[in-house]
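# What the coordinates show
Each chain is listed here by its residues.
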Amino acid sequence: MTRDVVVHPDARVLAAAAAARLLTHLVDVQSHRSPVHVALTGGTVGIATLAAVAASPVRDAVDWSGVHLWWGDERFLPDGDPDRNETQARAALIDALGDALPAQNVHAMAARSEEVPTPEVAAEAYATTLAEQGSPAFDVVLLGMGPDGHVASLFPGHEALTVTGRPTVAVHDSPKPPPERVSLTYDAIRGAREVWVVAAGTEKAQAVASALRGAPVDTTPAAGALGTERTLWLVDVAATQALGTPAALSTTAAAFPAPVQEAAGLWQRVDEYFSALVPEDLALVETRHAAATGGLPDIAVAPNQGKLLHLLAQAVGARRILEIGTLGGYSTLWLARALPSGGTLTTLEIDPEHARVAVDSLTQAGVDDHVDVLVGPAADTLDRLVSDGTEPFDLVFVDADKQSIPRYLEQLLELTRPGSVVVVDNVVRGGAVLDADHPDERVQGVRAMVDLLTDHPRYDATVLQTVGAKGYDGLALLRVRD
Ligand SMILES: O=C(O)[C@H](O)[C@@H](O)[C@H](O)[C@H](O)COP(=O)(O)O
């Protein structure tokens, strides 16, 4: 699979060039395959591209009777609502094509109605339509991208990012109005032969840079939008400004940081090469498996990161360990096994279901007698530990809601001693941490942590950038000063 980045002078030229590219691609594909399946996108550039297709004389070179139009996402609104992607696509292109494009070739996602009262019903209906059409691999999935790096209606930190095994998903609480949407899942997007991401404007620059540098999809969903044959980024100069590389026009991937899938593939292979140093026994594998089958998000540390924590705990001789953010207990198990006889580990988890999965796994692993899983908001539990006069912890691992890191670090000063070590995970976030205006509150939480730790009288700190199977991220290492 190849990845190209093509840079255009501005958004207007970008839309016109994307339209010309789409038209000639359709003609080329139709010369050896029909029908052709294209998934459209909403958004400014996406719709401008459709309007440019309609205005192009080349549009008549396409045999539209052999083209099927789909959508990557839809705003769950009543039929005909001007904010629906379908409404805008019909106005921009489909109406202009008239009878050349058979009505049955246009597969819109269902609108809100009495028969389709929820986005779940609409998502299920679209999955059925895809199946009825033979679950075609899209020839092109066109995706606009938001300033937060969302594509389709897959938004940072949303559970839709982790949905697998089906092509569509209902989305609630979308940070981009309207709140209710229907989206293709990564499964459907990554089944496409080609994925084209279109982005214009300085407000997209950080997300473009994060995506091209291999940010975790949880932070920058566009980083996970990859085609089986080709991933093509069509951007304007303004959207390349955070890349730190003077982007010439029509620049190819060679001028940009190592492409996501190539870099991620290399990082993955190197992690696999060193995995011989990190043998996972059955308990560790079963703990990871239980989290996955329990539907917990795939955001636990990688095996080598788990062992780093294990060795660090042993190196500092930690007898009392605190973990903020248990999830399924994977890092918990690595840390628990580093304890000497009589040592204890306290781990905090806000989600009772996550805690249940973790307790089962830790019990299976035989460490439950020296591990305490405390359920509830970590800040409240930390306050209680302080008021109970809890004995100081020797090592703390912070792997929870990043927006609360500064508060946790303040509370931990009452729960540690000179020489205690604190590790904070996911502090680089694909480089997003550079963006003072990043819309993700987790990025802002990490930035607030850096402000807090700069010249801090009691914490001495550093940050190590990491790459690996979990993408491009990093961890902060703190020591409580003597
Ligand atoms: O339904 C939607 O809103 C789109 O499908 C969405 O994914 C859009 O493409 C991006 O938000 C970019 O939109 P702009 O190009 O307007 O920034």
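Whatever comes next refers back to the structure up there.
Throughout what follows, the structure given in this document is the object of discussion.

Cut-off values and rules
All residue numbers refer to position in the chain's written sequence, counted from 1. Totals for whole chains, interfaces and linings use every residue, but because this is a predicted model, local features are given only for residues with pLDDT of at least 70 and side-chain atom pairs only at 80 or more, for both listing and counting. By convention in this description, side-chain values take in all heavy atoms of the structure and omit both hydrogens and water. The helix and strand labels rest on DSSP assignments: H or I over at least four residues marks a helix, E over at least two residues marks a strand, and numbering proceeds from the N terminus. The buried label goes to any residue with under 20% of its type's maximum accessible area, the exposed label to any with over 50%, and the partly exposed label to all in between, with areas taken from a 1.4 Å probe on protein chains only. We call two residues in contact when some of their heavy atoms are within 4.5 Å. With residues, only the protein chains shown are counted as cover, and all accessible areas are computed by Shrake-Rupley using a 1.4 Å probe. Residues are counted as near a molecule or strand when any one of their heavy atoms sits within 4 Å of it. A 3.5 Å cut-off defines polar contacts: any pair of N or O atoms within that distance qualifies, except that in protein one atom must be a possible hydrogen donor and the other a possible acceptor, and neighbouring residues in sequence count only when both atoms are side-chain atoms. Residue classes follow a fixed rule: Ala, Val, Leu, Ile, Met, Phe, Trp, Tyr, Cys and Pro count as nonpolar, while Asp, Glu, Lys and Arg count as charged, and any other residue, Gly among them, counts as polar. One fewer than the residue count of a helix, multiplied by 1.5 Å, yields its expected span. Definition used for salt bridges: Asp or Glu carboxyl oxygen within 4 Å of a side-chain nitrogen of Lys or Arg. Two strands form a pair only when DSSP identifies at least two bridges running between them. Convention adopted: a line fitted to C-alpha atoms gives each axis, helices being fitted over their contacting stretch, and angles between N-to-C directions are expressed from 0 to 180 degrees. The set of buried Ala, Val, Leu, Ile, Met, Phe, Trp, Tyr and Cys residues whose side-chain atoms join them within 4.5 Å is what this entry labels a nonpolar core.

## Section: the overall build of the protein
Scanning the protein for helices and strands turns up 14 helices and 16 strands. Within the span of the protein, comprising 482 residues, buried residues form 54% of the whole. Intrachain contacts of the protein at a sequence separation of at least 6 include 76% that bridge at least 24 residues. Summed over all atoms, the accessible surface of the protein reaches about 19700 Å², with 54% contributed by carbon and sulfur.

## Here we look at the site of the ligand
If you check the shell around the ligand, you find 16 residues, and the closest are Thr44, Asp73, His150, Ala152 and Lys204. Separating an oxygen atom of the ligand from a side-chain N or O atom of Thr44 is a distance of 2.6 Å. Starting from 420 Å² of accessible surface for the ligand in isolation, the protein chains cover 92%. Tallied by class, the residues present in the shell around the ligand amount to three nonpolar, eight polar and five charged.

## Here's the deal with helix 2 (residues 44–55)
The end-to-end C-alpha distance of helix 2, which contains twelve residues, comes to 17 Å, matching closely the 16 Å that a straight helix rising 1.5 Å per residue would cover. Buried within helix 2 are the following residues: Val45, Gly46, Ile47, Thr49, Leu50, Ala52, Val53 and Ala54. The elements touched by buried residues of helix 2 are helix 1 (11–30), strand 2 (36–40), helix 3 (85–97), strand 5 (140–144) and strand 8 (194–199).

## Details of the pattern of salt bridges
Inspection of the entire model under this criterion finds 21 salt bridges. Residues Arg84 and Glu86 are paired through a salt bridge, measuring 2.8 Å at the closest nitrogen-oxygen approach. Each member of the pair, Arg84 together with Glu86, is buried. Between Arg193 and Glu229 there is a salt bridge, with its nearest N and O atoms 3.8 Å apart. Remark: Glu229 occurs in the loop between helix 6 (205–212) and strand 9 (230–236) and Arg193 occurs in the loop between helix 5 (186–190) and strand 8; sequence separation between them is 36 residues. Linked by salt bridges that have partners in common, Arg33, Asp139, Arg193 and Glu229 make up one network.

## Some remarks on the sheet that holds strand 1 (residues 2–8)
On the basis of which strands lie adjacent, the open sheet formed by six strands has the order 1-9-8-5-2-3 and parallel pairing. Bordering the open sheet on either side are strand 1 and strand 3 (67–71), each of which pairs with just one other strand. Strand-to-strand twist of the sheet, defined as the mean angle between neighbouring strand axes without regard to direction, takes the value 15°. Bridge count for strand 1 against strand 9 is seven bridges, and the pairing is parallel.

## Some thoughts on the nonpolar core
Formed by 81 residues in total, the largest nonpolar core has its most connected members in Trp64, Met145, Val208 and Trp233. Here this core takes seven residues from helix 1, the largest share from any one element.

Spatial relationships are all this shows, so hold off on functional conclusions.
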